[in-house]
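Residues per chain are reported as follows:
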4 protein chains.
Amino acid sequence: MISISQVTEHIENQKIELVERKGIGHPDSICDGIAEEISRVLCKKYIEEFGIILHHNVDKILLSAGETIPEFGGGKIIEPIYIVLAGRATKEFNNMKIPVDEYALQAAKNYLKKALPNLNIECGVIIDSKIRQGSVDLRSLFKKEILANDTSFGVGYAPLSELESIVLNLERFLNSSEFKATHPELGSDIKVMGLREDNKLKITVAGAFISKHVSSLEDYLSKKQAIYEKMKKFIEDKTEKKFELFFNLADNPNDGSIYITICGSSCECGDDGEVGRGNRVNGLITPNRYMSLEAAAGKNPKTHTGKIYNILAEEIANTIYNFGAKEVYVKILSQIGKPIKEPLIVSIKISPYTQELISKAKEITKDKLNSIDEITNKIIDGKISVF
Amino acid sequence: MISISQVTEHIENQKIELVERKGIGHPDSICDGIAEEISRVLCKKYIEEFGIILHHNVDKILLSAGETIPEFGGGKIIEPIYIVLAGRATKEFNNMKIPVDEYALQAAKNYLKKALPNLNIECGVIIDSKIRQGSVDLRSLFKKEILANDTSFGVGYAPLSELESIVLNLERFLNSSEFKATHPELGSDIKVMGLREDNKLKITVAGAFISKHVSSLEDYLSKKQAIYEKMKKFIEDKTEKKFELFFNLADNPNDGSIYITICGSSCECGDDGEVGRGNRVNGLITPNRYMSLEAAAGKNPKTHTGKIYNILAEEIANTIYNFGAKEVYVKILSQIGKPIKEPLIVSIKISPYTQELISKAKEITKDKLNSIDEITNKIIDGKISVF
Amino acid sequence: MISISQVTEHIENQKIELVERKGIGHPDSICDGIAEEISRVLCKKYIEEFGIILHHNVDKILLSAGETIPEFGGGKIIEPIYIVLAGRATKEFNNMKIPVDEYALQAAKNYLKKALPNLNIECGVIIDSKIRQGSVDLRSLFKKEILANDTSFGVGYAPLSELESIVLNLERFLNSSEFKATHPELGSDIKVMGLREDNKLKITVAGAFISKHVSSLEDYLSKKQAIYEKMKKFIEDKTEKKFELFFNLADNPNDGSIYITICGSSCECGDDGEVGRGNRVNGLITPNRYMSLEAAAGKNPKTHTGKIYNILAEEIANTIYNFGAKEVYVKILSQIGKPIKEPLIVSIKISPYTQELISKAKEITKDKLNSIDEITNKIIDGKISVF
Amino acid sequence: MISISQVTEHIENQKIELVERKGIGHPDSICDGIAEEISRVLCKKYIEEFGIILHHNVDKILLSAGETIPEFGGGKIIEPIYIVLAGRATKEFNNMKIPVDEYALQAAKNYLKKALPNLNIECGVIIDSKIRQGSVDLRSLFKKEILANDTSFGVGYAPLSELESIVLNLERFLNSSEFKATHPELGSDIKVMGLREDNKLKITVAGAFISKHVSSLEDYLSKKQAIYEKMKKFIEDKTEKKFELFFNLADNPNDGSIYITICGSSCECGDDGEVGRGNRVNGLITPNRYMSLEAAAGKNPKTHTGKIYNILAEEIANTIYNFGAKEVYVKILSQIGKPIKEPLIVSIKISPYTQELISKAKEITKDKLNSIDEITNKIIDGKISVF
């Protein structure tokens, strides 16, 4: 069933708007990233070996922060980061053992090398794997259609508000390879918080610096200033609104207190993380929007309705928006025991609430439901980020 | 600033409503419960020893499920549950070492004995503690007022919808000591999912049975039926609406597949958990309401604005509701560097939108902000549940 | 083959003799004790369930000491002891899963309660199990005779020298329930070192006191003195030789440095342990005697030739000694692929080297080899200590 | 005191002699090697930073074997090896934190890369560090002379018997870079067992093959034969005695059972290890000789009397032997509270028992005691192997 109604409350009309993005080096994002990478690798290996995606759900990872003493130009690792991988995966199939721990550890380390290139993989982190055999009805694997086995829920919307867009893209800009080429001193643990009060924006950025690229307090301050200017320019290009920009607000250069790390993330010293505690599938935390609590990262991209519906809802919303809507909200609810392409309800709010848009929204929704398998493939190929 | 506007969308008017409660024995709730118990014990010990609540944040716990073979009348533990406690706590103060691990392990085990009385504490679970020293500016501890050091957000509403009330209270009923006295066979891992389509309710309950109280398949089926009848009666007393009730839907008695465990929770065999992935502070997961992603459990109840504001928002909403409102929504946003009793904005929606209610809402909000310290005490005394 | 020759060097003739016993609460002994208890429990459970002793070898355990702050009357656990159980055991047989971890954890905790009754089992120690499935040729299990699959070696002698006897029995005296009834303040981690220089003995005892039974420094010193007197009396009753006795030599009461613990063992604070690093099967470390490096504790008492031969060698030596020999040494070497009751060689040294003793030694050896199965049973029943 | 007497029992006169060497890739040797490498690195870092060797004792390491499925040309890692580093080290000195875990993890991994070059360091092994702060009287560090704080014991002898020499050198030959250059298929886990019955030797070698260098069963068998021939030749060159040589005796090519691994060690699949359970400081296990139980690997080479005396005893024995003795045994016993260069007794047995040798033995012993510090330096520089 597709139910379409009118948007009752436009985001830009809300007096106060709060948006947050935990950058890829944030401890929670690190956990999400590892979980998702493991799931993707398992999917590929399962398909390679058996032609199908076997049961897995590696959405439980905990990162217990280490302790370091960063120094200008380097530093010491007093206690390594400790990461425990948990969740379920098929470790045996057709009487064949599957090296799940090998894949998982390799995936985790490969991901860390990418997300935290300055982390000492050999001494700076201990990764333990507690991924265990999951149990699942094997017959279900070979069914043509995936049936929803739980009441799951997905939510999405389009477009991003101006503030959301700034928050999301500012982090991406700062973590782009172009930016890093000129500013290797900025780590990937960049948290962007955006607040809009009526027409005024306040953007607060916390970004961990990397000690080996900072030679002194003066060097830190001058590099910080240079980055600040680029961020300011970036935001000016995106909005006409007045804004204030804050960068590493907790710094207190007088007593030598600055935000500096060895590997570019606070997870090396004090900040723990877990899967599912950070960004939603659109990359943001948006208290002014309906959000799903689903931790998408690490879940099976073929069978986990919650993961798929969150992505699908966003895709439907975006497609309707691209067709001409001003604002779109989509909620999808599964129907236990029915194919996932037959949800119980897809509930859409659009604005403007025109007949043309209503028809188009229905059509788009049906199309997207019919091609729901593509989401699985895009996830496996890494074309969809889920955090 | 207190901003008051009108409720735009009444929950009971939404065509579809989805509500979920993960009962106290659910793996995610177990993690929440342990985290919160550790925080409470630490608060008490810190106060006892030093007169103040020292820095701590034990909101990262992972439970990796074990493997068991339940049998009628008992069963075997093939692989114990593994729980890792993480997060930060003050382990040394005034040159005095604080036995944080001792407190944490004892709190975790005490909590488990309460939440899963049939768990074999000695052989059924391995608990490792990775709680590490946190760093915090000590001077801040002795300040009269707690200042918000982050942009935090809390959300609450009142009253519970009829469906929410049924879902929440059905789990509480099934996990009450009265119910357990007659039905010791029902474990505490009870998940209640409620769906309303227009005026029709669908309640789905999954509840783990305890093997030592079940002697045979027949015994299971007859006890299941007896519990089903009591649940049905319970719901009938709460609503005039038509409803369907499902209980352990995945059972397939023909092939001996029933929901039975040794300790009363799926965490003994296959279901992992993490802090912050389950119920919100009002005990529910409510995709049709605005929700905070904040994991309240385990956070410092004196200084963590996010935790306090979520509870405060709910209290304000309830108080306004009790004064006569029909529906109330409250959002609170902190102001960095300002006392937590001076938030940036408290944004309230009420219905009906009368002058009397508006004034009263403001008054209540101010009162509650002024007595914000009481929340801390109530949390420590265990009078407020946060999941 | 039984080869008999004359003793060439009498222990009492050696100018210098060194003997050591690590008491049952010593970290290495704790590991040995846990390993052996797990093996015994597994044997019983395997026999109970399957009628045979399945493959296992749980002779790898590591104890990483904790950190405590003992105080008169009590104290704090800053960091719990961490024990990891490793080794191999059969976890599945005849398509039936065996709860090895459950048995092992329970055995370990039961043993700790006995060996360290003042240890806080819930908060003072974390036990992790890494015992994994072993692989073994199943057909071998049902063979009538156990074949040696390795070149193993056992060594034993009789009688204990006077010094050895004093060292061994002094620890047993101090750890007896009678002694503990009057001196609950003395823990079980008692290390006795004996040195003989010609005719003079020097006995050095280190014994951990238990804080809850010590109310003050004066109390410690007076209790220490009382125990010292009893030890002195004990030794006087055993020897005519002159001796010096030292007790907790490292104490320095002036700066408050005394040997006090919460649980009665140094493993709570600073001293790590491993299986196989302490006493040999006769309960002693005797550098003046030939010793086997075999770690007997935790090994399969039915099939592990090294374990069995060490015990057998001691039994043969004792029996020959009881028949009238003055001094006896026995070495046994296995023959790969032959039944363990058919060793490659049993090499015996006796004194006096009389024809009667030679014949008797051969006879005894043959008898003992024929009844080698009894050793297995006695080990399982806990009638033979192996450390 | 130096006491010199006559050798009473010549090794070559014993009818039966048993000798064993666990090669560098054996699980126990791996633990020894890692422990010693960590100690050496710590020594260097402590000296570099503070000018002295700070307190440490990292002689507790446990290796829990993994599970692999080797295949011709490669294979899968089903469960990684798990290694836990324990023991004590100084983590803070002069208010400066020392990155002990960083050093230890790096040392462990560097050592593994050398000892098991085919081990997948990223996915094949999980290393956890539980090395904790040790407590030690700091004043003692700056004393000119190290005082023995325990009754320790060292034992050594020279020369190696013919059998001992063959066993030791055969393993070194097989693990030499020259041999590996032509036989990369042979892993480093090579266990050599030597048995002499009168004049006949029996040498049994177990050596793990490396799957990526073995393409088929035939390839295995032909390579095994080639290695067998070289071993045979090697032994022929060393002895005139008759000998039998066995290589991978447990192979059963008919049912495909051969000794093949991915990384060249049985620790990847089934064989656990611990520090101190393998070779003595001369590289051998020699039940026909007096042996010390001391686990030398990982102990502080400056202060640990037991470690130093074992090496010293061997050096003294070798020097006396080189001077012309036929057989020499040396035992050294410490004297509590005295400098380690003033042992309680050095007890030497020599043969022939001539006046010249007696005088020379005393002289050599005094010299070696006076230059005892050199042992520390040689250990740190890696010039002395302790296992």
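Residues numbered from 1 in each chain as written. Chains lettered and ligands numbered in written order. Predicted model: local features only at pLDDT ≥ 70, side-chain atom pairs only at ≥ 80, totals over all residues. Heavy atoms only, no water.

Draft legend 1. Quick look at the interface of chain A and chain D. Counting residues at the interface gives 25 residues for chain A, matched by 25 residues for chain D. For the chain A and chain D pair, buried surface summed over both sides reaches about 2300 Å², with 51% attributable to carbon and sulfur atoms. Here chain A is connected to chain D by four salt bridges. Residue E67 of chain A pairs with K97 of chain D through a salt bridge whose shortest N-O separation is 2.6 Å. If you list the elements that add at least two residues to the side of chain A that touches chain D, you get strand 4 (67-71), strand 5 (74-79), strand 8 (96-97), helix 2 (100-115) and strand 9 (125-129) of chain A. Of the residues forming the side of chain A that touches chain D, the biggest block, six residues, is contributed by helix 2 of chain A. (Contact = heavy atoms within 4.5 Å. Buried area = accessible area lost by both parts, 1.4 Å probe. Salt bridge = Lys/Arg side-chain N within 4 Å of Asp/Glu carboxyl O. Helix = DSSP H or I, 4+ residues; strand = E, 2+ residues; numbered from the N terminus.)

Draft legend 2. Spotlight on the relation of the copies chain C and chain D. Once chain C is rotated about the relating axis by 180° and shifted along it by 0.0 Å, it coincides with chain D to within an RMSD of 0.0 Å. Considering both components of the superposition, the chain copies are consistent with a two-fold axis. When C-alpha positions in chain C are compared against the rotation axis, the closest is assigned to Y290 of chain C, at 2.6 Å. Interface overlap between copies: 100% of the residues of chain C at the interface are likewise at the interface in chain D, consistent with a symmetric, same-surface contact. (Least-squares fit on C-alpha atoms with pLDDT ≥ 70 in both.)

Draft legend 3. Region of interest: the pattern of salt bridges. In this structure the tally under the stated criterion is 114 salt bridges over all chains. Close ionic contact of R277 of chain C with D59 of chain D constitutes a salt bridge, the shortest N to O distance being 2.8 Å. You can see R277 of chain C sitting in the loop between strand 16 (273-274) and helix 6 (305-323) and its partner D59 of chain D sitting in strand 3 (residues 56-64), one on each of two chains. We note that R277 of chain C, like D59 of chain D, is buried. A single salt-bridge network, built from bridges that share partners, covers D59, K60, E294 and K299 of chain A together with E274 and R277 of chain B. (Buried < 20%, exposed > 50% of the residue type's maximum accessible area, 1.4 Å probe, protein only.)

Draft legend 4. Region of interest: helix 3 (residues 162-174) of chain C. The first and last C-alpha atoms of helix 3 of chain C sit 18 Å apart over 13 residues, in line with the 18 Å expected at 1.5 Å per residue. For helix 3 of chain C, the set of buried residues is L163, E164, I166, V167, L168, L170, E171 and L174 of chain C. (Expected span 1.5 Å × (residues − 1).)

Draft legend 5. Here's a closer look at the relation of the copies chain A and chain D. With an RMSD of 0.0 Å, chain A superimposes on chain D once it is rotated by 180° and translated 0.0 Å along the axis. Most of the interface of chain A is mirrored in chain D, where 100% of its interface residues again form contacts.

Draft legend 6. Up close: the packing of helix 3 (residues 162-174) of chain A against helix 5 (residues 217-238) of chain A. Residues and elements named next belong to chain A. At their nearest, the axes of helix 3 and helix 5 sit 10 Å apart, and the two run at 145° to each other. For the crossing formed where helix 3 meets helix 5, the hand is right-handed. Of helix 5, the residues touching helix 3 (which contributes E162, I166, N169, L170, F173 and L174) are I227, K230, M231, F234, I235 and K238. Classifying every residue of the contact of helix 3 with helix 5 gives eight nonpolar, one polar and three charged. (Axes fitted to C-alpha atoms, helices over the stretch in contact; angles between N-to-C directions. Left-handed = near helix turned anticlockwise from the far one by under 90°. Nonpolar A, V, L, I, M, F, W, Y, C, P; charged D, E, K, R; others polar.)

Draft legend 7. Geometry of the packing of helix 6 (residues 305-323) of chain B against helix 7 (residues 355-370) of chain B. Residue and element names in this part refer to chain B. In contact at an axis separation of 10 Å, helix 6 and helix 7 are set at 140° when each is read in the N-to-C sense. As the angle between them shows, helix 6 and helix 7 are arranged oblique. Considering how the two elements wind past one another, helix 6 and helix 7 form a crossing that is right-handed. Judged by residue contacts, L312, E315, I316, T319, I320 and F323 of helix 6 engage E356, L357, K360, A361, I364, T365, K368 and L369 from helix 7. Classifying every residue of the contact of helix 6 with helix 7 gives eight nonpolar, two polar and four charged. (Parallel < 35°, antiparallel > 145°, perpendicular 65-115°, else oblique.)

Draft legend 8. The arrangement of the sheet that holds strand 18 (residues 345-351) of chain A in detail. All names here are of chain A. Reading across the sheet, the four strands line up as 1-18-17-11 and stay open at both edges, with mixed pairing between neighbours. If you trace the sheet from one side to the other, it starts and ends with strand 1 (2-6) and strand 11 (153-158), each paired once. When the angles between neighbouring strand axes are averaged without regard to direction, this sheet yields 15°. Both strand 17 (residues 327-333) and strand 18 contribute to a ladder of seven bridges, which runs antiparallel. Residue pairing across strands places V330 opposite I348, the latter belonging to strand 18. Set on the sheet, helix 6 (residues 305-323) makes contact with strand 11, strand 17 and strand 18; between it and strand 11 the angle comes to about 25°. Against the sheet, helix 7 (residues 355-370) contacts strand 1 and strand 18, and its axis sits at roughly 140° relative to strand 18. (Pairing = 2+ DSSP bridges.)

Draft legend 9. Representation of the side chain of K130 of chain C within the structure. Looking at where K130 of chain C falls in the secondary structure, it is placed in the loop between strand 9 (125-129) and strand 10 (132-133). Buried within the structure, K130 of chain C lacks any salt-bridge partner; D128 of chain A is the closest side chain of opposite charge, at an N-O distance of 4.1 Å. (Lys, Arg positive; Asp, Glu negative; His and termini not counted.)

Draft legend 10. Structural context of the pairing of strand 12 (residues 186-197) of chain A. All names here are of chain A. Extensive coverage of strand 12 is indicated by the burial of ten of its twelve residues. Relative to strand 12, strand 2 (residues 16-22) runs antiparallel, the two being bridged by seven bridges. Note on strand 12: the bridge partner recorded for L18 is L195. Summarising the sheet, strand 12 and strand 13 (residues 200-210) pair through nine bridges and their orientation is antiparallel. Its bridge partner being in strand 13, K191 is matched across the sheet by A206. Hairpin remark: strand 12 followed by strand 13, antiparallel, with two residues in the connecting loop; positive phi at D198, about 55°.

Draft legend 11. Layout of the packing of aromatic side chains. Scanning all chains against the criterion turns up 26 aromatic pairs over all chains. When the centroid spacing of 4.7 Å and the interplanar angle of 20° are considered together, the rings of F173 of chain B and F234 of chain B count as stacked. Here F173 of chain B, found in helix 3 (residues 162-174), pairs with F234 of chain B, found in helix 5 (residues 217-238); they are 61 residues apart in sequence, far enough to count as distant. In this arrangement the basic side chain of R289 of chain A is found over the ring face of Y157 of chain A, its NZ or CZ atom lying 3.8 Å from the centre. Residue placement shows K130 of chain C over the ring face of Y82 of chain D; its charged tip is 3.7 Å from the ring centre. (Phe/Tyr/Trp six-rings, centres within 6.5 Å; stacked < 30°, edge-to-face > 60°. Lys NZ or Arg CZ within 6 Å of the ring centre and 35° of its normal.)

Draft legend 12. Here's a closer look at helix 7 (residues 355-370) of chain C. Residues and elements named next belong to chain C. Look at helix 7: 23 Å from first C-alpha to last across 16 residues, which is about the 22 Å you get at 1.5 Å a residue. If you check which residues of helix 7 are buried, you get L357, I358, A361, I364, T365 and L369. Around the axis of helix 7, the buried residues are gathered within 130° of arc, so they sit on the same side. In helix 7, those exposed residues whose orientation departs by more than 90 degrees from the buried face are Q355, E356 and N370. Where helix 7 is buried, its residues meet strand 1 (2-6), helix 6 and strand 18 (345-351). (Arc of directions from axis to C-beta.)

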